[in-house]
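Survey of secondary and tertiary structure
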Amino acid sequence: MNEYRTITAEEFAEIAPALERYNIFSPESVCRFVDTKLEKTYDVYLLKGETKTVLKKSGSANGDAAVYARYFETQDFAVPRILDNFTLGEASFVRMEFVDGSDARGCTPEEGGRIGRELAKIQSRYLAAGGHTEQADSYFKRNLFNRFQKIREHLQDAGKVFSYVEQRFFMAPQTLIHDDLLPINVFVQGQQVRFVDWEYAQIQPYFLDLARFAFIYDMDENLFISRETADSFLRCYYEKMREHPGFSISRKQFELDTAVSAFCQYALFLSFCQDAEKIKSSVDYRYLSRIVDYIKAEGLPCP
């Protein structure tokens, strides 16, 4: 569960210079965002008052504000509004409108479909042809090629599958991806959907966000959303993207691209495993093996 808890005096002192900008001088006026399920605390703060707002601290000089200025400023997308942004030393801050509701973990199939359509609205706006760009080449080498080298010996015939992954990475349409689209970064309240935390957004192959949202699991190895919700998310996303004339991808290719997305995600997670003996017993390995088998059966030419 995500919640805002009372801030400690020590935590308040760390961001006090930023809070002075809004005439906030007391810890009683601030709460900090925590995820009790993941046991993780974030540099995101709820500022109380007549109108609740959220202050986010980032180590990146560009962060959310730069993404908003380039992609969201004049668009009506499902993202919270930025009200202010500034830097203090090496830290940057954005003040945003407060997003009420629950995050998308455990959301219903209907809500999953709504999320898929809203994501497609953003990504169809910035859709472009695939190809080798400096940003795409760098992302591929850093997050895929180098990671895959660490695990390829554990996957039989995975080299052929990786060649297919590479082919799709540079052939598939590119667009603005969130690049951390966990269900925790999507909020739902009634008919409203809001995507938050765009700090890592960039132009990359369209499919990279799909598995990050649909096929991620918690520490107990339970998927954050049900298979029915994932199916609804993917179906509605595809149908909305197909309205764009530049998205001429068949449903079968879309399903393969979704598998490529899952390959990228599980390979990334698996590469963090330091114990080679534990790799084959991990949930990442089980999921990745299934994806490899699917791509070999559906995406590779018959021998």
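Let us look at the structure shown here. Because the structure is predicted, anything quoted here is derived from the model rather than measured. (Residues numbered from 1 in each chain as written. Predicted model: local features only at pLDDT ≥ 70, side-chain atom pairs only at ≥ 80, totals over all residues. Heavy atoms only, no water.)

Examining the overall build of the chain
- Counting secondary structure elements, the chain contains 10 helices and 11 strands.
- Since a compact globule built from 303 residues should have a radius of gyration of about 19 Å, the 20 Å found for the chain is in line with a globular shape.
- Expressed as lengths along the three principal axes of its C-alpha atoms, the size of the chain is roughly 70 × 50 × 40 Å.
- Classification of the 303 residues of the chain by burial places 54% in the buried group.
- Here the contacts in the chain between residues at least 6 apart in sequence split such that 71% fall between residues at least 24 apart.
- Counting every atom, the chain has about 15000 Å² of accessible surface; 47% of that belongs to carbon and sulfur.
- Charged side chains of the chain number 37 positive and 45 negative; the gap between the two group centres comes to 4 Å. (Helix = DSSP H or I, 4+ residues; strand = E, 2+ residues; numbered from the N terminus. Rg over C-alpha atoms; globule rule 2.2 N^0.38 Å. Buried < 20%, exposed > 50% of the residue type's maximum accessible area, 1.4 Å probe, protein only. Contact = heavy atoms within 4.5 Å. Areas by Shrake-Rupley, 256 points an atom, 1.4 Å probe, with all protein chains shown as cover. Lys, Arg positive; Asp, Glu negative; His and termini not counted. Charge placed at Lys NZ, Arg CZ, Asp CG, Glu CD.)

Describing the environment of Ile 177
- Position of Ile 177 relative to the elements: it lies in strand E8 (residues 174-177).
- Exposure remark for Ile 177: the relative accessible area of 0% places this residue in the buried category.
- In sequence terms Ile 177 and Ser 102 are 75 residues apart; their C-alpha atoms lie 22 Å from each other.
- Beyond its immediate sequence surroundings of up to four residues, Ile 177 is in contact with Gln 123, Trp 198, Ala 201, Gln 202, Gln 204, Pro 205, Tyr 206, Leu 208 and Asp 209.

Here we look at the side chain of Gln 265
- Here Gln 265 lies in helix H8 (residues 251-270).
- Taking the relative accessible area as the measure of exposure, Gln 265 reaches 7% and is therefore buried.

Re the side chain of Ser 58
- Structurally, the position occupied by Ser 58 is in strand E4 (residues 53-58).
- Polar contacts involving the side chain of Ser 58 include one to the side chain of Glu 199, which spans 2.6 Å.
- Sequence-distant contacts of Ser 58, defined by excluding residues within four places in its chain, comprise Glu 90, Ala 91, Ser 92 and Glu 199. (Polar contact = N/O pair within 3.5 Å; in protein donor to acceptor, adjacent residues only side chain to side chain.)

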